[in-house]
Amino acid sequence: MDVRPTQPILRTAVRAGALVSLLLWTCAGAVTAETALTGYVRDVGQAKDVRYDAARGVAFVASVQFGVSVVDVTNNAAPEVIGTALPPFQADKIAVAGNTAVTLAGSSGLTTTDISNLRAPVRKGFLAGVFRNVAASGDYAFVSETIPGNPATVDFVTVDLRDPTRPTVVGRSSLGAVSVTGIVVRGSYAYVAAGTAGLKVFDIASPTSPRVARTVSVAANTWCTAIALYDRYLYLTTSATTIVYDLASPSNPAEIGRATTTGSVTAASASRFFAISGSLLKAYNVSDPRTPAWLSSTSNLGSQGIDAATEVLFLASPDVDKTDGTGGLYLLQAASVPPATITNVYE
């Protein structure tokens, strides 16, 4: 008997950061075309941002293709992608509070993901808006929201995460027509890099009523571009320099030192400060935060996101090229000069 394929069934699978459609042919009689998710390959894809969780030994990656990817980094030489969000979505920025990951995608809003099972993250909730920066602590996320207008303005917004299926704005404070480039949280204060408006110190002891406790101005004709925090030391990067503040008095940052670098994204650890500046990754010794000392300037490997631990530096690069094995999540030796690449995960 001559058996020939008759009618295709369309099925869909995820492979290497993309949806791949597979045409399966049936030899049986008439069938109905259907689309179903039949496979899902854990992956990093084009990485945009990263947050390291030392307690769980993982790096949480914001991914263009997957939203949230979880990478086991307990063995730095052999990181393993152990979980990716289902269903997948797009993310540019990430913050983590407990078992909830909060991701932003600009005008595509804010998404919450349940990460209680690291091997099976589940997308839970969504909040519409234009969000650019995020930090998370306890039951709340603190984000910058762009409010359309002429000119557009920016609000500092508190989002309640206690029900991750329904992230809800419960507090806000207007910053005016500024450009916010970063938010960090320590205790009951949030520190906001607010463009030409300088450093805004928000009292968030009452998350539903955030208020500006202090404004620290920057030099004329300069603006804030990035912000990083380690312990009680705050690193505010401007278009001209990086200023180190001591937060011994949390509401009254005291300048104690400067590093001669600019940067769009920064991170700090006990002994290192790193800045992505143009195409460069700049490293400084900050064992004594009062006297940052330049160590090296090397390629940033196309990275847009960064996080630092004592031994390992994490870089998130969307410049994935499978032909030469570049891009994705990089792990580097943080203490070496310059930071030496250990490995990367890009598929």
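Positions within a chain are numbered from 1, following the residues in the order the chain's sequence is written. Reporting in this predicted model follows two pLDDT cut-offs: at least 70 for local features of residues, and 80 or more for side-chain atom pairs to be given and counted; totals over whole chains, interfaces and linings ignore these cut-offs and use all residues. Side-chain descriptors were evaluated using all non-hydrogen atoms of the structure, hydrogens and water having been removed beforehand.

*Asks:* Help me understand the packing of aromatic side chains, please; the structure alone is not making it clear to me.
*Replies:* One pair of aromatic rings is described through two measures. These are the centre distance and the angle between the planes. Here the aromatic set is Phe, Tyr and Trp, taking the six-membered ring for Trp, and pairing holds for ring centres within 6.5 Å; pairs whose planes are under 30 degrees apart are stacked, those over 60 apart are edge-to-face, and all others are tilted. Tallied over the full model, the rule gives 5 aromatic pairs. Between Phe 142 and Phe 156, the aromatic rings sit 6.0 Å apart at their centres with planes inclined by 10°, giving stacked as the arrangement. Of this pair, Phe 142 sits in strand S13 (residues 140–147) while Phe 156 sits in strand S14 (residues 153–160), and the two are 14 residues apart along the sequence. Remark: exposure states derive from per-residue accessible area (1.4 Å probe, protein chains only) relative to the maximum for the residue type, with buried under 20%, exposed over 50%, and partly exposed in between. On the basis of relative accessibility, which here comes to 3%, the residue Phe 142 falls in the buried class. Take Phe 156: its relative accessible area is 1%, and that puts it in the buried class. Measuring from centroid to centroid gives 5.0 Å for Tyr 235 and Phe 273, while their planes differ by 15°, and the two rings are stacked. On the criterion of sequence distance, the pair formed by Tyr 235 in strand S21 (residues 233–238) and Phe 273 in strand S25 (residues 272–277) is long-range, its members being 38 residues apart. A residue is classified by how much of its surface remains accessible, and Tyr 235, at 2% relative accessible area, is buried. Phe 273 sits in the buried class, given a relative accessible area of 1%. Through pairs of rings, three or more aromatic residues link up here, namely Phe 142, Phe 156 and Phe 202. Helix and strand labels come from DSSP, where a helix needs a run of H or I of at least four residues and a strand needs a run of E of at least two; each type is numbered from the N terminus.

*Asks:* What's the story with the layout of surface pockets in this structure? I'm lost.
*Replies:* Picture a little ball the size of a water molecule; that probe, rolled over the atoms, points out where space is still empty. Taken as a whole, the largest pocket encloses approximately 960 Å³ of empty space. When contributions to the lining of the largest pocket are tallied by element, the ones reaching two or more residues are strand S4 (47–53), strand S8 (93–97), strand S12 (131–137), strand S16 (182–186), strand S20 (224–230), strand S24 (265–268) and strand S28 (305–308). Among the elements that line the lining of the largest pocket, the one with the most residues is S20, at 6 residues. Of the residues that constitute the lining of the largest pocket, the class distribution is 23 nonpolar, 11 polar and 7 charged. For each structure, a 1 Å grid was placed over the protein atoms alone; sets of points admitting a 1.4 Å probe that cannot get out are labelled cavities, open sets with protein on both sides within 12 Å along at least five of seven lines are labelled pockets, and lining residues have an atom within 4 Å of a point. Grid points are joined across faces, edges and corners, and a volume is the space filled by probe spheres set on the points. In this model, the second largest pocket occupies a volume close to 170 Å³. Together, Lys 48, Asp 92, Lys 93, Leu 104, Ala 105, Gly 106, Phe 131, Arg 132, Asn 133 and Gln 304 line the second largest pocket. Amino acids outside the nonpolar list (Ala, Val, Leu, Ile, Met, Phe, Trp, Tyr, Cys, Pro) and the charged list (Asp, Glu, Lys, Arg) are all regarded as polar, and Gly is one of them.

*Asks:* In this structure, what is going on with the sheet that holds S21? I would like to understand it.
*Replies:* Where strands meet in a sheet, backbone hydrogen bonds hold them as pairs that are either parallel or antiparallel. Only strands that DSSP links by at least two bridges are regarded as paired with each other. Strand order across the open sheet formed by 4 strands is S20-S21-S22-S23, with antiparallel pairing between neighbours. Across the chains shown, the open sheet's two edge strands, defined by having one partner strand only, are S20 and strand S23 (254–259). This sheet shows a mean twist of 25° between the axes of neighbouring strands, independent of strand direction. In the sheet, S20 pairs with S21 via 6 bridges, with the strands oriented antiparallel. Each residue of the ladder has a partner; that of Tyr 230, found in S21, is Tyr 233. Axes, fitted as lines to C-alpha atoms, cover a helix only where it is in contact. Angles between the N-to-C directions of the axes lie from 0 to 180 degrees.

*Asks:* Teacher, can you tell me more about the confidence of the model for the chain here?
*Replies:* Caution applies to low-pLDDT regions: their predicted coordinates should not be interpreted in detail. Of all residues in the chain, 88% attain a pLDDT of 70 or more, and the chain-wide mean is 90. Below pLDDT 50 for its whole length, residues 1–34 participates in 68 contacts with residues either more than four positions away or in separate chains. Residue-level confidence of the predictor is what pLDDT reports, using numbers from 0 through 100. The contact definition used throughout considers only heavy atoms, calling two residues in contact when any of these lie within 4.5 Å.

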